[in-house]
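Structural characterization, general
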Amino acid sequence: MSEQTPASTPAASGTPGGVPVPKRVRVHHLAQMKERGEPITMLTAYDAVTGRIFDEAGIDMLLVGDSIGNTMLGLHGTIPVTLDEMIPAARAVTGAAHRAMVVADLPFGSYEASPQHAFASAARMLKEGGVHAVKLEGGERIAEHVRLLSQSGIPVVGHLGFTPQSENSLGGARVQGRGDEAAERLVQDAVALQEAGAVAVVLEMVPAPVAERATEVLHIPTIGIGAGPGCDGQVLVWTDMAGMTAWAPRFARKFGDVGAALYTATRTYAGAVRERTFPGPEHTFAE
């Protein structure tokens, strides 16, 4: 069965040059998008409701991020998140998304010990969560982890720059790759991930020229978050993108005010209940 839909479909209407969009975004489509110079879109998603909406809106990649910790679970960061907490969220998103490629983070403590440790966690994420790829933080030091997963048929997305799981050793949420030596090391790490079989690399909080350099050197796509416009794609935490958070990082842009709309809807609902105008006759069953 062909994985291409006609260019005249709604999903294809925004594609440069009328290039048909895939029924399901897969690894080779990412490579083709980089080759064509077509920006890759990515958002986080943690449940079936947002997964469906973002998928229908044409987002190419959905990231079930360990950012679920501070966005959904009320935690103070990503480090406390467990694999057992990630898998149900991944399963919900993959069940709702029919076109987007779903990628899930392997959380802190679920892959670092060895390549075999990473494989065991990644295998659970694919088998139980249904995702299409996993994301790992780190460069050359996890190259063997990436190699084993890739050789085992598990697509891997790398993550360089500011890596939240290493926040304590990095001294907080700080821009990475500043200075010639640090910049060169970041590019080397990106190349090491590519050579190990990674299918894409997320670059977070990296100076724009460094991210652009990495994008030029790599033949796999780069996905930026706070890394400037020179990357092959962009990702944001959806609650920042939609205006659901009281504070958002400098690199985030609010594309809507969903938080305010939800607040208004909630206040209106509460008022209707208290005034006994809801439920009305149209919401009530007769005998």
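This one's a predicted model, so the numbers in the text were calculated from it and none came from an experiment.

The next thing to look at is the overall build of the protein chain. A count of helical and extended segments in the protein chain gives 11 helices and 8 strands. Taking all 287 residues of the protein chain together, the buried fraction comes to 49%. Per element, the accessible surface of the protein chain, about 14,500 Å² overall, is 56% carbon and sulfur.

A few words on the nonpolar core. Within the largest apolar cluster, 57 residues are counted, with the highest numbers of intra-cluster contacts made by Leu-62, Met-125, Val-134 and Leu-203. Residues contacting Val-134, with those up to four places away along its chain left out, are Val-103, Ala-104, Leu-106, Ala-122, Met-125, Leu-126, Leu-149, Ile-154, Pro-155, Val-156 and Val-157. By size, the runner-up hydrophobic cluster in this structure holds 17 residues, among which are Met-61, Leu-63, Ala-133 and Val-202.

Attention shifts here to the sheet that holds strand S5 (residues 156–161). One closed barrel accounts for 8 strands, arranged S1-S2-S3-S4-S5-S6-S7-S8; its pairing is parallel. Adjacent strand axes in the sheet meet at a mean angle of 25°, parallel and antiparallel pairs treated alike. Pairing analysis gives 2 bridges linking strand S7 (residues 222–225) to strand S8 (residues 233–236), with the strands arranged parallel. Considered in S8, the bridge of Ile-223 is made with Gly-233. Packed on one face of the sheet, helix H4 (residues 83–96) meets strand S2 (61–64) and strand S3 (101–105) and runs near 160° to S2.

Take the packing of helix H6 (residues 143–151) against helix H8 (residues 180–196) next. In contact at an axis separation of 8 Å, H6 and H8 are set at 25° when each is read in the N-to-C sense. The angle between the axes of H6 and H8 places the two elements in the roughly parallel class. For the element pair H6 and H8, the recorded crossing hand is right-handed. Of the residues in H8, those in contact with Ala-143, Val-146, Arg-147 and Ser-150 of H6 are Ala-192, Leu-193, Glu-195 and Ala-196. When its residues are assigned to classes, the contact of H6 with H8 shows 5 nonpolar, 1 polar and 2 charged.

Let us now look at the UniProt feature "active site" (unreviewed entry) in the protein chain. Feature annotation in UniProt places "active site" (unreviewed entry) on Glu-204, given in this structure's numbering. For Glu-204, the location among the structural elements is in strand S6 (residues 200–204).

Applying the stated criterion to the full structure yields 10 salt bridges. With a shortest N-O distance of 2.7 Å, Glu-38 and Arg-36 are connected by a salt bridge. With relative accessibility at 13%, the residue Glu-38 sits in the buried group. Note on Arg-36: relative accessible area 40%, which makes it partly exposed. Of the charged contacts in the structure, one is a salt bridge between Arg-185 and Glu-140, with a shortest N-O distance of 3.2 Å. Of this pair, Arg-185 sits in helix H8 while Glu-140 sits in the loop between strand S4 (133–137) and H6, placing them 45 residues apart in sequence.

Moving on to the environment of Val-64. Residue position: Val-64 is located in strand S2. Its relative accessible area of 0% is what places Val-64 among the buried residues. Between the C-alpha atoms of Val-64 and Leu-106, which are 42 residues apart in sequence, the distance is 9.6 Å. Among all residues touching Val-64, those that are not within four sequence positions of it are Ala-45, Met-86, Ala-89, Ala-90, Val-93, Val-102, Val-103, Ala-104 and Asp-105.

Rules of the game
- Residues numbered from 1 in each chain as written.
- Predicted model: local features only at pLDDT ≥ 70, side-chain atom pairs only at ≥ 80, totals over all residues.
- Heavy atoms only, no water.
- Helix = DSSP H or I, 4+ residues; strand = E, 2+ residues; numbered from the N terminus.
- Buried < 20%, exposed > 50% of the residue type's maximum accessible area, 1.4 Å probe, protein only.
- Areas by Shrake-Rupley, 256 points an atom, 1.4 Å probe, with all protein chains shown as cover.
- Core = buried A, V, L, I, M, F, W, Y, C linked by side-chain atoms within 4.5 Å.
- Contact = heavy atoms within 4.5 Å.
- Pairing = 2+ DSSP bridges.
- Axes fitted to C-alpha atoms, helices over the stretch in contact; angles between N-to-C directions.
- Parallel < 35°, antiparallel > 145°, perpendicular 65-115°, else oblique.
- Left-handed = near helix turned anticlockwise from the far one by under 90°.
- Nonpolar A, V, L, I, M, F, W, Y, C, P; charged D, E, K, R; others polar.
- UniProt positions renumbered as here; feature names shortened; annotations may be inferred.
- Salt bridge = Lys/Arg side-chain N within 4 Å of Asp/Glu carboxyl O.

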